[in-house]
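Read off the chains here:
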Amino acid sequence: RVNRWLGGSSLTVKFIAPLLERAAMQRKGVVRVCDIGTGSADVPRAVVQWARRQKLPVRITAVECNGDLAEEARIRCASYPEISVITADAREVLRAAAGSPGSFSTDESGSALQRAEPFDVVTAGLFLHHFPPREVSAWLALMNDAARVGWLVNDLERTLYGWLSIRAAAPLICRNRVFLNDAPLSVRRAFTKREWAELAEAAGIRKLRISRHWGSRVILEGRR
């Protein structure tokens, strides 16, 4: 509900669409996408719904390290054959896609995959703000290396207005105690627009566009 109401899914679809179209023109086949920290895979489902309307073939690898969440995602993606949910450390999946020696990814059964190729597009939604700055830069570098066309981060910007707004709105959205604690905390743990730019620069990323959006959302677009 938060992703639907506060610009998560729709914002990701809006900004990933040009990347997918560009990838489709270059590849002339199925566009490969990786969504890291996918949770219940609601964003991949929204992307597939858009791709179906555009008649654009996509294949999404949705990566979730929490086994219970991954199983929930598989149940919700039962009618989406375009989405494969894997239980794995997303860093290993990205390293494998980037061709790092000794890296691997896993399929639904947990079996190691011996071969991997770069994804066309890599996405992360409400994921990176959970990590300290140095690790965020490392994640951005991995996403950049693993993406053939580009990557997209849909996350939060730390603002006083955003924190006060979610504190007021959270009880109207959900009564779950974890959510009521986590939503304002996530805004406090997020980064400012300038800090996001500095983290990307530390990752060695030059082709970057950052934009602010309603709901304290920030979009980072990286192009290869």
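Parameters and conventions
Residues numbered from 1 in each chain as written. Predicted model: local features only at pLDDT ≥ 70, side-chain atom pairs only at ≥ 80, totals over all residues. Heavy atoms only, no water. Axes fitted to C-alpha atoms, helices over the stretch in contact; angles between N-to-C directions. Helix = DSSP H or I, 4+ residues; strand = E, 2+ residues; numbered from the N terminus. Left-handed = near helix turned anticlockwise from the far one by under 90°. Contact = heavy atoms within 4.5 Å. Nonpolar A, V, L, I, M, F, W, Y, C, P; charged D, E, K, R; others polar. Phe/Tyr/Trp six-rings, centres within 6.5 Å; stacked < 30°, edge-to-face > 60°. Buried < 20%, exposed > 50% of the residue type's maximum accessible area, 1.4 Å probe, protein only. Salt bridge = Lys/Arg side-chain N within 4 Å of Asp/Glu carboxyl O. pLDDT = per-residue confidence, 0-100. 1 Å grid on protein atoms, 1.4 Å probe; cavity = no way out; pocket = protein on both sides within 12 Å on 5 of 7 lines; lining within 4 Å. Points joined across faces, edges and corners; volume = space filled by probe spheres on them. Expected span 1.5 Å × (residues − 1).

Here we take up the packing of helix H5 (residues 90–97) against helix H6 (residues 133–146). Axis angle and axis distance: for two packed helices, these are the angle between their axes and the distance between the axes, and together they describe the pair. The interhelical angle for the contact between H5 and H6, taken along N-to-C directions, is 35 degrees, at an axis separation of 8 Å. Considering how the two elements wind past one another, H5 and H6 form a crossing that is left-handed. Here Ala90, Arg91, Leu94, Arg95 and Ala97 of H5 lie close against H6, whose contacting residues are Trp139, Leu142, Met143 and Ala146. Along the lines of polarity and charge, the residues of the contact of H5 with H6 split into seven nonpolar, no polar and two charged.

It is worth spelling out the packing of aromatic side chains at this point. The way to describe two aromatic rings as a pair is by their centre distance and the angle between their planes. For the coordinates displayed, the defined rule picks out four aromatic pairs. On the basis of an interplanar angle of 55 degrees and a centroid distance of 5.5 Å, the ring pair of Phe131 and Trp139 is categorised as tilted. Here Phe131 and Trp139 have matching classes, each one buried. Seen in terms of ring centroids, Phe191 and Trp196 are 5.1 Å apart; in terms of plane orientation they differ by 80 degrees. Their pairing is edge-to-face. We classify Phe191 as buried; its relative accessible area is 8%. The class of Trp196 is buried, set by a relative accessible area of 0%. Here a set of aromatic residues connected by ring pairs shows up, and it is made of Phe127, Phe131 and Trp139.

With that settled, consider the pattern of salt bridges. Going through the model one piece at a time under the given rule, you end up with eleven salt bridges. Asp89 is paired through a salt bridge with Arg91; the nearest N and O atoms lie 3.1 Å apart. Beyond isolated ion pairs, a larger network of salt bridges with shared partners links Arg27, Asp120 and Arg148.

This brings us to the confidence of the model for the protein. Averaged over the protein, the pLDDT score is 88; the fraction of residues at 70 or greater is 87%. Confidence, read as mean pLDDT per element, is least for strand S5 (residues 112–113) in the protein (46) and greatest for strand S1 (residues 31–36) (98). For residues 109–114, every residue scores under 50 in pLDDT, and the model assigns this stretch eight contacts once sequence neighbours within four places are set aside.

Attention shifts here to empty space enclosed by the protein. Counted according to the given criterion, the structure contains two cavities of 30 Å³ or more. The calculated volume of the largest cavity comes to roughly 40 Å³. In terms of lining, the largest cavity is formed by Ile16, Val33, Asp35, Val43, Pro44, Val47, Ile60 and Thr123. Those elements giving two or more residues to the lining of the largest cavity turn out to be S1 and helix H3 (42–54). With three residues, H3 is the largest single contributor of residues to the lining of the largest cavity. When its residues are assigned to classes, the lining of the largest cavity shows six nonpolar, one polar and one charged. Here the second largest cavity defines a volume of roughly 30 Å³. Contributing to the lining of the second largest cavity are Thr12, Asp35, Val43, Thr123, Ala124, Gly125 and Leu152. For the lining of the second largest cavity, the per-class residue count stands at three nonpolar, three polar and one charged.

Quick look at H6 now. Over its 14 residues, H6 extends 20 Å from the first C-alpha to the last, a length consistent with the 20 Å expected when each residue adds 1.5 Å. Of the residues making up H6, those classed as buried are Val136, Ser137, Trp139, Leu140, Leu142, Met143, Asn144 and Ala146. Considering only its buried residues, H6 is in contact with S1, H5, strand S6 (119–125), strand S7 (147–156) and helix H9 (193–202).

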